[in-house]
Amino acid sequence: MPKSASPLKRLLAVCGKGGTGKTALTAMMTRVLLDSSSSGKLLLIDADPAMGLPIALGIKVKRTMGQVREEIIKTARGTDKEKKTKLAGMLDYMVLEALLETDRFALLAMGRTETLGCFCPVNNLLRDAIETLSKSFDTIIIDGEAGVEQINRQVMRRVDTLVILSDATSRGIQTAALIKKMVQNDKVIQCEKMGLVFNRVQGNEELLKQAANEMGLQVLGYIPQDENIARYDLVGTSILELPATSPGLAAVRNIVAKHIFG
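What you see is a predicted model, and the numbers here were worked out from it, not measured in a lab. Every chain is numbered on its own, with residues counted from 1 as its sequence reads. Since the coordinates come from a predicted model, pLDDT governs what is reported: local features require at least 70, and pairs of side-chain atoms require 80 or more to be given and counted, while whole-chain, interface and lining totals use all residues. Side-chain measures here rest on the full set of heavy atoms in the structure, leaving out hydrogens and waters.

Note on geometry: axes are C-alpha line fits, over the in-contact stretch for helices, and angles between N-to-C directions span 0 to 180 degrees. Under the scheme used here, helices are H or I runs from DSSP no shorter than 4 residues and strands are E runs no shorter than 2 residues, and both carry numbers assigned from the N terminus. Direction vectors running N to C along helix 3 (residues 65-76) and helix 5 (residues 91-98) enclose 150 degrees, while the axes themselves pass 9 Å from each other. Classified by the angle between their axes, helix 3 and helix 5 sit roughly antiparallel to one another. Considering the relative orientation of helix 3 and helix 5, their crossing is right-handed. Residue-level inspection shows Met65, Val68, Glu71 and Ile72 of helix 3 in contact with helix 5, the latter providing Leu91, Met94, Val95 and Ala98. When residues are grouped by polarity, Ala, Val, Leu, Ile, Met, Phe, Trp, Tyr, Cys and Pro land in nonpolar, Asp, Glu, Lys and Arg in charged, and all others, Gly among them, in polar. Split by residue class, the contact of helix 3 with helix 5 holds 7 nonpolar, no polar and 1 charged. For classification purposes, an angle smaller than 35 degrees is called roughly parallel, one larger than 145 roughly antiparallel, one from 65 to 115 roughly perpendicular, and anything else oblique. For any pair of crossing helices, the crossing counts as left-handed if the nearer helix is rotated counterclockwise from the farther one by less than a right angle, and right-handed if it is rotated clockwise. Whether two residues are in contact is decided by their heavy atoms, any of which lying within 4.5 Å being enough.

Quick look at the structure:
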């Protein structure tokens, strides 16, 4: 019998204005991919310091990359050269220690950093370690905070697909336009494909499509207002447990099929 084709490598990131539902979208995309079994080995990276993704997925994180970063900085400030050398050799192990693996996917949480100031060498070191780790996975989804700089600075230099999420507000749309400018003009991150998703839509698709056309962004889809998602967020139930008929989940399923895995 012929061997089944190996899953294609896919790396996508979700970004947009704060409060638009990026974490819920990431969790729903995870649910869709798990349901379809088309993602291969799946890695989720929570790049938002608020760390909402583990909650949305119903899991607990014991160690973050922020804690790894603090340990590196603390050791680098010391005078014990032997310990510094040992720490450098342990970096890959420390990253793996921060990786939470379930039987369905893996999660890496960036977390908060307590030490103020720019530590570019440390950030670059960790980013290189994450990129090396990521080679072991077929599909990677990054749940980012507002903007896209942190993805390039802390996680990845490039992505295949950048999903910009906006709600049906002028501020959300303006933020989407700013992100597009940052990517195309300022080159804050490299991406092959970039598109816009509107969340919590309530029958104003034509106006939203017109706004997207004016800023030159392709609309990947519209996610309707879904009371199931709001209720699950309120009571702390995992988004992975949404009913299969949930309107928001159905919309995300369509977006993934047409624009992510299509």
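Moving on, we come to unusual backbone geometry. Here methionine 51, not a glycine, exhibits a phi torsion of approximately 55 degrees, which is positive. With respect to the secondary-structure elements, methionine 51 resides in the loop between strand 2 (42-46) and helix 2 (53-57). One non-glycine residue, arginine 200, adopts positive backbone phi at about 55 degrees. With respect to the helices and strands, arginine 200 occurs in strand 7 (residues 190-201).

With that out of the way, let us pick up the confidence of the model for the chain. Along the chain, pLDDT gives the predictor's confidence residue by residue, from 0 to 100. On average, residues of the chain score 87 in pLDDT, and 89% of them are at 70 or above. Of all the helices and strands in the chain, helix 4 (residues 81-89) carries the lowest mean pLDDT, 66, while strand 8 (residues 218-224) carries the highest, 97.

Moving on to helix 9 (residues 205-215). Here's how the labels work: a residue is buried when its accessible area is under 20% of the maximum for its type, exposed when over 50%, partly exposed in between, all with a 1.4 Å probe on protein chains only. Every buried residue belonging to helix 9 is among Leu208, Ala211, Ala212 and Met215, and all of these are buried. The buried residues of helix 9 occupy an angular sector of 100 degrees when projected down its axis, which confines them to one face. Residues of helix 9 that are exposed and point more than 90 degrees away from the buried face comprise Glu206, Asn213 and Glu214. Buried residues in helix 9 make contact with helix 8 (170-184), strand 7 and strand 8. Where helix 9 terminates, the next one or two residues include glycine 216, which has phi positive at roughly 75 degrees. What the arc measures is the spread of directions leading from the helix axis to the C-beta atoms.

With that settled, consider helix 5. Looking at helix 5, one finds that the buried residues are Leu91, Met94, Val95 and Ala98. All buried residues of helix 5 fall inside an arc of 100 degrees around its axis, so they share one side.

This next bit is on the sheet that holds strand 4 (residues 106-109). By definition, the strands of a sheet pair up through backbone hydrogen bonds, in either a parallel or an antiparallel sense. We call two strands paired when DSSP finds no fewer than two bridges between them. Pairing in this open sheet of 8 strands is mixed, and the strands run 3-4-2-5-1-6-7-8 from one edge to the other. In the strand order of this sheet, the two ends are held by strand 3 (99-101) and strand 8, each with one partner. Going from strand to strand, the sheet's axes swing by 20 degrees on average, the running direction of each strand aside. Across the face of the sheet, helix 8 comes into contact with strand 1 (10-16), strand 6 (158-167) and strand 7 while running at roughly 160 degrees to strand 6. Here helix 11 (residues 247-260) sits on the sheet and contacts strand 1, strand 6, strand 7 and strand 8; the angle it forms with strand 8, its principal contact strand, is near 160 degrees.

On to the side chain of aspartate 160, then. Checked against the element boundaries, aspartate 160 lands in strand 6. A residue is classified by how much of its surface remains accessible, and aspartate 160, at 18% relative accessible area, is buried. Apart from the residues within four sequence positions on either side, aspartate 160 is in contact with Lys9, Arg10, Leu11, Cys191, Glu192 and Lys193.

A separate point is the packing of aromatic side chains. Two rings belonging to Phe, Tyr or Trp (six-membered ring only in the last case) form a pair when the distance between their centres is within 6.5 Å. Interplanar angles under 30 degrees mark stacking, angles over 60 mark edge-to-face geometry, and anything in between is tilted. Counted according to the given criterion, the structure contains 1 aromatic pair. Their ring planes at 10 degrees and their centres at 6.0 Å tell us that phenylalanine 198 and tyrosine 222 sit as a pair that is stacked. Of this pair, phenylalanine 198 sits in strand 7 while tyrosine 222 sits in strand 8, placing them 24 residues apart in sequence. On the basis of relative accessible area, phenylalanine 198 is assigned to the buried category, the value being 0%. Judged by its relative accessible area of 25%, tyrosine 222 falls in the partly exposed class. A cation over an aromatic ring shows up here: lysine 41 above the ring of phenylalanine 137, its NZ or CZ 5.0 Å from the ring centre. Two conditions define a charge sitting above a ring: the NZ of Lys or the CZ of Arg must be within 6 Å of the ring centre, and it must be within 35 degrees of the ring normal.

Another point: the side chain of arginine 10. Within the element layout of this structure, arginine 10 appears in strand 1. Asp and Glu count as negative and Lys and Arg as positive, but His and the ends of the chain are not part of the count. For this analysis, a salt bridge means a side-chain nitrogen from Lys or Arg found within 4 Å of a carboxyl oxygen belonging to Asp or Glu. Although buried, arginine 10 forms no salt bridge, and the nearest oppositely charged side chain, aspartate 160, lies 7.2 Å from it.

Turning our attention to the packing of helix 1 (residues 22-36) against helix 11. One can describe the packing of helix 1 onto helix 11 by two numbers: an axis separation of 9 Å at closest approach and a directional angle of 70 degrees. In terms of orientation, helix 1 and helix 11 fall into the roughly perpendicular class. Note on element contacts: helix 11 touches helix 1 through Gly248, Leu249, Val252, Arg253 and Val256, opposite Leu25, Met28, Met29, Arg31, Val32 and Leu33.

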